[in-house]
Amino acid sequence: RPDGSLYTCQDFTLPPNQIDLFEYLLANNKLEQIRDYDESLLHIISDNVLAMIKAGTEGWEIMVPTQVARIIKDKRLFGYPAGGSTYTPLSEVAANSTDNSDPGLAY
């Protein structure tokens, strides 16, 4: 929204041809309001993270949980590493690291 507030299941407007479906989904407990979320993470868009992984762009690791980054790297998911870049398993990075930084962010 322009004012920065978030939409909820109770306060947004649908096109007329979708209202009945929306009400059906609510009435049958197929939709639920998201609670207890971290508002500081709402700027992260999964399509952008995936594009960064595929392109080999640095920085995507801070947009996902450390363990997710580790699995993506270790299993070479979503086109990682892009462009034939050199890959070192996280276990080797952690073993060879001289600092205490998070091995999920060591690339």
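Residues numbered from 1 in each chain as written. Predicted model: local features only at pLDDT ≥ 70, side-chain atom pairs only at ≥ 80, totals over all residues. Heavy atoms only, no water.

**What about helix α2 (residues 46–55)?**
1) Next: For α2, the full list of buried residues reads Val49, Met52 and Ile53. The buried side chains of α2 occupy one side of the element, clustering within an arc of 100° when seen end-on. Opposite the packed face of α2, turned more than 90 degrees from it, sit the exposed residues Asp47, Lys54 and Ala55.
2) Next: For α2, the elements touching its buried residues are α3 (66–74).
3) Next: Count one or two residues on from α2 and you reach Gly56, which has phi positive near 75°. (Buried < 20%, exposed > 50% of the residue type's maximum accessible area, 1.4 Å probe, protein only. Helix = DSSP H or I, 4+ residues; strand = E, 2+ residues; numbered from the N terminus. Arc of directions from axis to C-beta. Contact = heavy atoms within 4.5 Å.)

**Description of the pattern of salt bridges**
1) Next: According to the stated counting rule, one finds 2 salt bridges in the structure shown.
2) Next: With a shortest N-O distance of 3.3 Å, Glu32 and Arg35 are connected by a salt bridge. Pair check on accessibility: Glu32 and Arg35 agree, each one exposed.
3) Next: When the shortest N-O distance is used, the salt bridge between Glu61 and Lys73 registers 3.0 Å. Remark: Lys73 occurs in helix α3 and Glu61 occurs in the loop between α2 and α3; sequence separation between them is 12 residues. (Salt bridge = Lys/Arg side-chain N within 4 Å of Asp/Glu carboxyl O.)

**Quick look at a nonpolar patch on the surface**
1) Next: Nonpolar side chains collect at one region of the surface, where Leu6, Ile34, Tyr37 and Leu42 lie side by side and expose about 390 Å² of accessible area between them.
2) Next: Tracing the sequence through the fold places Ile34 in the loop between α1 (16–27) and α2.
3) Next: Residue classification places Ile34 among the exposed residues on the basis of a relative accessible area of 63%. (Patch = residues over 30% accessible without salt bridge, like charges linked within 9 Å, V, L, I, M, F, W, Y side chains within 5 Å. Areas by Shrake-Rupley, 256 points an atom, 1.4 Å probe, with all protein chains shown as cover.)

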